[in-house]
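Chains, contacts and geometry: an overview
Read off the chains here:
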Amino acid sequence: MAVDGTYDVTVKSPLGDQKTTLTVKSDGAAFTGTAAGAMGSSDISGEVDGNTLTWKQQMTVPMPMTLDMKATIDGDTLTGTVGAGAFGSFPMNGTRSA
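What counts and what doesn't
- Residues numbered from 1 in each chain as written.
- Predicted model: local features only at pLDDT ≥ 70, side-chain atom pairs only at ≥ 80, totals over all residues.
- Heavy atoms only, no water.
- Pairing = 2+ DSSP bridges.
- Helix = DSSP H or I, 4+ residues; strand = E, 2+ residues; numbered from the N terminus.
- Axes fitted to C-alpha atoms, helices over the stretch in contact; angles between N-to-C directions.
- 1 Å grid on protein atoms, 1.4 Å probe; cavity = no way out; pocket = protein on both sides within 12 Å on 5 of 7 lines; lining within 4 Å.
- Points joined across faces, edges and corners; volume = space filled by probe spheres on them.
- Nonpolar A, V, L, I, M, F, W, Y, C, P; charged D, E, K, R; others polar.
- Contact = heavy atoms within 4.5 Å.
- Core = buried A, V, L, I, M, F, W, Y, C linked by side-chain atoms within 4.5 Å.
- Buried < 20%, exposed > 50% of the residue type's maximum accessible area, 1.4 Å probe, protein only.

This part takes up the sheet that holds strand β6 (residues 65-74). Taken in spatial order, the eight strands line up as β1-β2-β3-β4-β5-β6-β7-β8 and close into a barrel, and their pairing is antiparallel. Direction aside, the axes of adjacent strands within the sheet are offset by 30 degrees on average.

Here's what the structure looks like:
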């Protein structure tokens, strides 16, 4: 599917640029994958709607929080947002690397 692949992603957050490698494997209206960065690696899963992915991701540093992730993939470009509750929303950008 057009969303499958590995993406080098950067989130602009109050903690500075957070770089993550996002791997996505879709299956119909769902996907599984991993998100790996400086703060560790985690398995992720969520929904696929056309070329848009949505999922929730747990963060433990600097405090425990559930992030609301939304990414749209257009060709090899990923754009989206990371919702961090009362802290607001932060931009996410990336490029397919594989």
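The discussion continues.
The next point concerns the layout of surface pockets. Where empty space is left in the structure can be found by rolling a water-sized probe over the atoms. What the largest pocket holds in volume is close to 670 Å³. Along the walls of the largest pocket sit 33 residues, with Gln18, Met39, Met59, Val61 and Leu67 positioned nearest its centre. Of all the elements in the fold, those that place two or more residues in the lining of the largest pocket are β1 (5-13), β2 (16-27), β3 (30-37), β4 (40-49), β5 (52-59), β6 and β8 (89-96). Looking at side-chain class alone, the lining of the largest pocket contains 22 nonpolar, 10 polar and one charged residues.

Summarising the element assignment, aspartate 4 is placed in the segment before β1. Once residues within four sequence positions are removed from consideration, aspartate 4 is found in contact with Val24, Lys25, Ser26 and Arg96.

Attention now moves to the nonpolar core. Counting residues in each nonpolar core, the largest one holds 23 residues, and the members touching the most others are Leu22, Leu53, Trp55, Leu78 and Met92. Elements represented by at least two residues in this core include exactly β1, β2, β3, β4, β5, β6, β7 (77-83) and β8. Per-element accounting of this core gives the leading share, five residues, to β6. Those residues in contact with methionine 92 that lie beyond four places of it in its chain are Val9, Thr10, Val11, Trp55, Met69, Lys70, Ala71, Leu78, Thr79, Gly80, Thr81 and Val82.

So, to be careful, I would describe these as geometric facts and stop short of saying anything about function.
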